[in-house]
Structures are given as C-alpha cells and as structure tokens.
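Examining the three-dimensional arrangement
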Amino acid sequence: QMDLDVMWSFLWASVWQVLWGLFLLPLEWAPWPVPGGSSSKSPSTLATDLGEAWTCFMGLDPGAELSSCSAEPAWALFLMYLLLNLGHNVLGMWLIKQLSALWISVGSIICGNLVGVLSVVPLLSGKSAAPLKLEQVLALTLSSIAMLVYNLGHGRDTQSPETKGLEEAPPSEA
C-alpha cells in the first residue's frame, strides 16, 4: 500500500487541471461551427467575453439578445457544484487509498445514475428540468446492468495468501 496523502494528491490533480485549462484556452478562439453560424471569439474580444460571462454568472443578462442568464442563479449552482465535487473527489481519493479503484468506479456509476434520475425534479434542477428521453433511460439501465454483471464475475486477487505464488502457466511451444 502506498503512503499517499489524499489532500496532497487532490491538490496536484487540481493544479494540473488549471494548467491544462490555460494551455488549451486558445482552442476557444478556433473557428468551431456553432448553432447559428461560427464562433466570433478572438483574443481581441477576450476582455469583453470575460465581462459578459461574469455578468451572466452573477444572474444578469449582459445584453438584450441573451435572456437565459437571469433564469437561475449560476453562482449558487456553481458553489453547490464546487462543494459537492470537492467532497466527491476527496472521498474518491480516500476510497482508492483505503480500498481500491474498483469502488470509486462503482460509486461514480451509482452517482451518475442518481444524478440522471434526479435531474427530472424541478426542485433540484430548476426550470431546466425535463423528463428523461428513451435514450437516457436506456443508457442509465445499461450502465447499471454493466456494473451488476461486472460485480457478479469472480476476480483473482494476486495478493491474497491463497493465490500467492500462483501464476498462469506459460503457453506451450508447439
């Protein structure tokens, strides 16, 4: 077992996310196709784009053409996301350290399915709540079945005393 501090590991994972985000920022200015035409963002509009994004984040509409910013308080939802994500990541690192990566995979599937099901509740999702489509129900069902089938299989623990020293026989040369 490795002696790795959970918070230290989480800190460096976060640092790398920020560095990769800054490194990939110029992709925002690529002329990607978007609904209604192409992106008009460029390095010269960065200050304006950041100002409009902040205005929208605070719950105000930056212009007459955009009215979706005042629908829900983005800053409150983002704060809730940060707190839940911090808890999820720290507990996930703890699970990996104490048990195995299998349990974080199982937990992620369960959380993903739970979020998918709870996203239809207007109290939790706000005005954007909508019933699940058939494709979404099938995806949630398939991921649950896949997790169940995986967990029904019998894995081989190479570290347990019962299997210590047992190795698969090398293929015979014919």
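This text goes with the structure placed above it.
The paragraphs below set out a description of the structure included in this document. (Residues numbered from 1 in each chain as written. Predicted model: local features only at pLDDT ≥ 70, side-chain atom pairs only at ≥ 80, totals over all residues. Heavy atoms only, no water.)

1. So, the overall build of the protein
Operational definition: Runs of E in the DSSP output that reach at least two residues are strands. Runs of H or I that reach at least four are helices, and both are numbered from the N terminus. Contact criterion: two residues are considered in contact whenever any of their non-hydrogen atoms come within 4.5 Å of each other. Method for areas: the Shrake-Rupley scheme with a 1.4 Å probe, in which residue coverage is limited to the protein chains shown.
Along the backbone of the protein there are 6 helices and 2 strands. Counting from the amino terminus, the protein carries its helices and strands in the arrangement α-β-β-α-α-α-α-α. For the protein, restricting intrachain contacts to residue pairs at least 6 apart in sequence, the fraction spanning at least 24 positions comes to 37%. Of the roughly 14100 Å² of accessible surface on the protein, a fraction of 71% belongs to carbon and sulfur atoms.

2. Digging into a nonpolar patch on the surface
Put simply, the rule is: Patch building starts from residues that exceed 30% relative accessible area and form no salt bridge, then joins like charges within 9 Å and nonpolar side chains (Val, Leu, Ile, Met, Phe, Trp, Tyr) within 5 Å. Here, a salt bridge means any Lys or Arg side-chain nitrogen found within 4 Å of an Asp or Glu carboxyl oxygen. Burial status follows relative accessibility: with a 1.4 Å probe on protein chains alone, a residue under 20% of its type maximum counts as buried, one over 50% as exposed, and anything between as partly exposed.
A contiguous nonpolar patch, built from W8, L11, W12, W16, L19, W20, F23, L24, L27, W32 and V34 and spanning about 1200 Å² of accessible area, is present on the exposed surface. Structurally, L24 is set in helix α1 (residues 6-24). Accessibility expressed as a relative area gives 40% for L24, which makes it partly exposed.

3. Looking at helix α2 (residues 46-57)
Spelled out, the test is: How far a helix is expected to stretch is found by multiplying one less than its residue total by 1.5 Å.
Along its 12 residues, α2 runs 16 Å from first to last C-alpha, staying within 8% of the 16 Å computed at 1.5 Å per residue. With its phi angle positive at about 95°, G59 sits one or two positions after the end of α2.

4. A look at the environment of S143
Filter applied, for reference: Whenever two N or O atoms come within 3.5 Å, that pair is a polar contact, provided that in protein one can donate a hydrogen and the other can accept it, and provided that, for residues adjacent in sequence, both atoms are side-chain atoms.
Looking at where S143 falls in the secondary structure, it is placed in helix α6 (residues 134-152). Between the C-alpha atoms of S143 and I109, which are 34 residues apart in sequence, the distance is 7.1 Å. Within the local environment of S143, its side chain forms a polar contact with the side chain of N113, the two groups lying 2.9 Å apart.

5. Some details on the packing of aromatic side chains
Condition: Planes of paired rings set the category: under 30 degrees apart is stacked, over 60 is edge-to-face and the rest tilted, where pairs are Phe, Tyr or Trp rings (Trp by its six-membered ring) whose centres lie within 6.5 Å.
Per the stated rule, a full pass over the model turns up 5 aromatic pairs. Centre to centre, the rings of W8 and W12 are 5.9 Å apart; their planes meet at 75°, and the pair counts as edge-to-face. With W8 and W12 both in helix α1 and 4 residues apart, this pair spans about one turn of that helix. By relative accessible area, W8 is classed as partly exposed at 48%. Here the aromatic cluster, defined as three or more aromatic residues joined through ring pairs, consists of W54, F57, F78 and Y81.

6. Focus: the environment of K41
Turning to its location among the elements, K41 is positioned in the loop between β2 (37-38) and α2. Excluding residues that lie within four positions of it along the chain, K41 makes contacts with E28, W29 and D49.

7. So, helix α4 (residues 101-118)
Helix length check: α4 (18 residues) gives 26 Å between terminal C-alpha atoms against 26 Å at 1.5 Å per residue, within 8%. Along α4, the residues classified as buried are I104, V106, N113 and G116. In this structure, the buried side of α4 is in contact with α3 (74-98) and α6.

8. As for the packing of α4 against α6
Helix packing geometry: the angle between the two helix axes and the distance between the axes. Test applied: Fitting a line to C-alpha atoms yields each axis, with helices limited to the stretch in contact; the angle taken between N-to-C directions then spans 0 to 180 degrees. An angle below 35 degrees is treated as roughly parallel, one above 145 as roughly antiparallel, one from 65 to 115 as roughly perpendicular, and anything else as oblique. Less than a right angle of anticlockwise turn of the near helix away from the far helix marks a crossing as left-handed, whereas a clockwise turn marks it as right-handed. Polar here means any residue other than Ala, Val, Leu, Ile, Met, Phe, Trp, Tyr, Cys and Pro, which are nonpolar, and Asp, Glu, Lys and Arg, which are charged; Gly is therefore polar.
α6 packs onto α4 with a crossing angle of 155° between their chain directions and a minimal axis gap of 10 Å. Considering the angle they form, α4 stands roughly antiparallel to α6. As α4 packs across α6, the resulting crossing turns out to be left-handed. Taken together, the residues of α6 that come into contact with α4 (itself represented by L102, V106, I109, I110, G112, N113, G116 and V117) are L140, S143, S144, M147, Y150 and N151. Broken down by class, the residue content of the contact of α4 with α6 amounts to 8 nonpolar, 6 polar and no charged.

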